Every structure is written in C-alpha cells, then in structure tokens.
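Listed here are the chains, written in short residue letters.
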Amino acid sequence: MYVITFANPKGGSGKTTSAMLLAEQIALSGGRVAILDLDPNANILAWSETRKAGGQAVPFAVLARPQAEETVELIDSLADSTDYVIIDLEGSKDQIVTFALSRTDLCIIPLDGSPMEARQAATAVRLVQTTANMIRTPIDYILLFTRTNAAFQTTDERDVRQEMDINAIPTLPVRIAKRAPYTRIFRDGVLLAELPDLVTAEHKGKTASVTGKALKQVASAIENARDYAQAVIHTLTKARRP
Ligand SMILES: Nc1ncnc2c1ncn2[C@@H]1O[C@H](COP(=O)(O)OP(=O)(O)O)[C@@H](O)[C@H]1O
Ligand SMILES: [Mg+2]
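All figures in this text were calculated on a predicted structure; none of them were measured in a lab.

Caption draft 1: Layout of unusual backbone geometry. Its identity is not glycine, yet R136 carries a phi of approximately 55°, on the positive side. Looking at the element boundaries, R136 is found in the loop between α5 (115-135) and β6 (140-148). At A168, a residue that is not glycine, the phi angle is positive and equals roughly 55°. Mapped onto the elements of the fold, A168 is located in the loop between α6 (155-166) and β7 (176-177).

Caption draft 2: Region of interest: the coordination of the magnesium ion (ligand 2). Listed as protein donors to the magnesium ion (ligand 2) are T16 (OG1) and D39 (OD); their distances from the metal cover 2.1 to 2.3 Å. One end of the pair, T16, is in helix α1 (residues 15-28); the other, D39, is in the loop between β2 (33-37) and α2 (43-53), and 23 residues separate them in sequence.

Caption draft 3: Molecular detail of the site of ligand 1. G12, K15, T16, T17 and A177 are the nearest of the 14 residues found near ligand 1. T17 places a polar side-chain atom, nitrogen or oxygen, 2.7 Å from an oxygen atom of ligand 1. Separating a nitrogen atom of ligand 1 from a backbone N or O atom of A177 is a distance of 2.9 Å. For ligand 1, the protein covers 77% of the area, taking 560 Å² as the surface of the free molecule. Secondary-structure elements contributing two or more residues to the shell around ligand 1 are α1, β7 and α7 (180-188). When residues of the shell around ligand 1 are assigned to their parent elements, the largest contribution, three residues, is made by α1.

Caption draft 4: Geometry of the packing of aromatic side chains. A full pass over the atoms with the stated rule returns two aromatic pairs. Plain terms: the ring middles of Y2 and Y84 are 5.6 Å apart, the flat faces sit at 20° to each other, and that makes the pair stacked. Taken together, the positions of Y2 in strand β1 (residues 2-6) and Y84 in strand β4 (residues 84-88) put the pair 82 residues apart, joining distant regions of the chain. Relative accessible area serves as the criterion here: at 15%, Y2 is assigned to the buried category. On the basis of an interplanar angle of 15° and a centroid distance of 5.8 Å, the ring pair of W47 and F60 is categorised as stacked. With a gap of 13 residues between them, W47 in helix α2 and F60 in the loop between α2 and β3 (61-63) connect regions that are remote in the sequence.

Caption draft 5: Structural context of the environment of T130. Along the chain, T130 falls in helix α5. Residues T130 and I26, 104 residues apart in the sequence, show an inter-C-alpha distance of 29 Å. Within polar-contact distance, the side chain of T130 engages the backbone oxygen of R126 at 2.8 Å.

Caption draft 6: Looking closely at the side chain of Q25. Here Q25 is to be found in helix α1. Judged by relative accessible area, which is 9%, Q25 ranks as buried.

Caption draft 7: Representation of the environment of R136 in the model. Residue R136 is classed as exposed on the basis of its relative accessible area, which comes to 78%. Distance from R136 to A201, taken between C-alpha atoms, is 54 Å for residues 65 residues apart in sequence.

Caption draft 8: Fine view of the sheet that holds β2. Overall, parallel pairing links the seven strands, which are arranged β3-β2-β4-β1-β5-β6-β7 in an open sheet. Looking at strand neighbours, the two that pair on one side only are β3 and β7, the edges of this open sheet. Pairing of β1 with strand β5 (residues 106-111), which is carried by three bridges, proceeds in the parallel orientation. If you follow T5 over to β5, its bridge partner there is C107.

Here is what the cut-offs are and how they apply
- Residues numbered from 1 in each chain as written.
- Chains lettered and ligands numbered in written order.
- Predicted model: local features only at pLDDT ≥ 70, side-chain atom pairs only at ≥ 80, totals over all residues.
- Heavy atoms only, no water.
- Helix = DSSP H or I, 4+ residues; strand = E, 2+ residues; numbered from the N terminus.
- Donors = N, O, S within 2.8 Å, 3.2 Å for Na, K, Ca; no water.
- Near = heavy atom within 4 Å.
- Polar contact = N/O pair within 3.5 Å; in protein donor to acceptor, adjacent residues only side chain to side chain.
- Areas by Shrake-Rupley, 256 points an atom, 1.4 Å probe, with all protein chains shown as cover.
- Phe/Tyr/Trp six-rings, centres within 6.5 Å; stacked < 30°, edge-to-face > 60°.
- Buried < 20%, exposed > 50% of the residue type's maximum accessible area, 1.4 Å probe, protein only.
- Pairing = 2+ DSSP bridges.

Put into structure tokens, the structure is as follows:
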C-alpha cells in the first residue's frame, strides 16, 4: 500500500482538487483507492455523501477525519483492502499532520508559480523534513505546480522552478493547469470522466463548433489529469525503498 499525502499550509493552493484528480485517475486504472479527508472543510467527504445520497457511484472509499491519536491505526488498517491511500491534509502544525506524515510514502506539495506560494511551499517542505527527523525515516516529497497557465509558463513560474532546482527541491515534471472542468468537480459533484456526457447533454441545440470546443476543453483536462497521475505513480514507485 502506498500513502500519498497532499500538504501545504496555504489554503486554496490546490490540495483538495489535486487529491481528487489523482484518486479518480488511479481508480479508473483499476487501483483500490481510499481518500482520508483530514481537511477541516471536509470537501471530499461532502462530495462523496452528496453523490451517495443521489445514488451516484463513488469509485473509491472516502474516510472522515478520525481522532488525531487514531490516525496511524486507521491508515495501517487499510493495508489489506487498499492499494493507495490519498490524504487531503491541512498544512498546519497540528498533531494530526505529524501522524499522517509519519505514514506517508510521498508528500505532494501543490503551489501555483508565484513567489508568495513558493514561500508557503517551503514551510511545507520544512514540516515534512522535521517530521522525517522526528521518526528517523526519510519522507519523500515533491512540489506540484497547479493552477498554472495551460498555454505557457509564466516568468514567475520559471523563476520559482529555477529556485527549487538550485535548492534541490524536487518538482513533478507534469503541471496541473487552471482549467474550468476541474472546478466543476466540487461545484457540481461530478467526476471528471462524467463530463463528456454531461457537456454533450448541456449543449443540446447548440452549434457543432460550440459543442466541439467545450468537449475539447474537457478532453484536455482529462488528458492533463491522466499525465499528472502517471507522473505521480512513476515518482512513487521510483522513490519507494525496498
Ligand atoms: N487546476 C485547477 N484548475 C481550476 N481551478 C482549480 C484548480 N485547482 C484548484 N482550483 C480551484 O481553486 C480553489 C482552491 O482549490 P482547492 O483544491 O480547494 O485548494 P486547497 O485544498 O489547497 O484549499 C477551488 O475553488 C478549486 O476549484
Ligand atoms: Mg482543501
């Protein structure tokens, strides 16, 4: 079982969205996934409950935030039933963060390309390193550029990337661009894979070119999510120690 944790003290950095995208892509490729929702806002839990109440499928388990001291036990108890545990973490120095990180194989730290977010990401890196020192076990981590411009790399992003390289902080080679279909996941309680049918239905009566444009946007979002998930799995299997 692999444990992948999303952490960054900055709210709105893309933790919850990136966690959901990863969960869906792994589930689609046949992996058994459980999401542990440790975000106090519990967006993923709410998403899952709403879908279940409406009779819609949820292709992975979603677990609510446990008591802090039960976190490690809960993660370990999933080992027989789960291939990937994805943890949506708040980024603070809360005790539950330390417990979750202590079981983490790969901590993903999302950030946009701005210098301000780079500083917050550095705080997250230090938190991972402190926890690793505490448990005397290395914890792999990687930065993930999210909400980036789909068409080009901004100079800010390039500068931040360079700074990370200089400081030997690893960054995922695939970025998640800022895309409207990703915001629909929580707004409309959908899965990315449901969007092609949904968009087709919504565009009934519109011209073929308008519909085609909307569908292309969805296809690009799905492709980006797939590439991102593959890069994460590649990093994870490369990083794991025997
Ligand atoms: N790649 C993306 N493309 C478009 N919108 C995004 C993307 N990632 C996050 N968002 C939006 O940004 C906001 C914050 O994202 P969220 O994943 O909730 O961040 P966090 O969990 O770190 O607080 C949400 O409204 C979400 O829909
Ligand atoms: Mg969140």
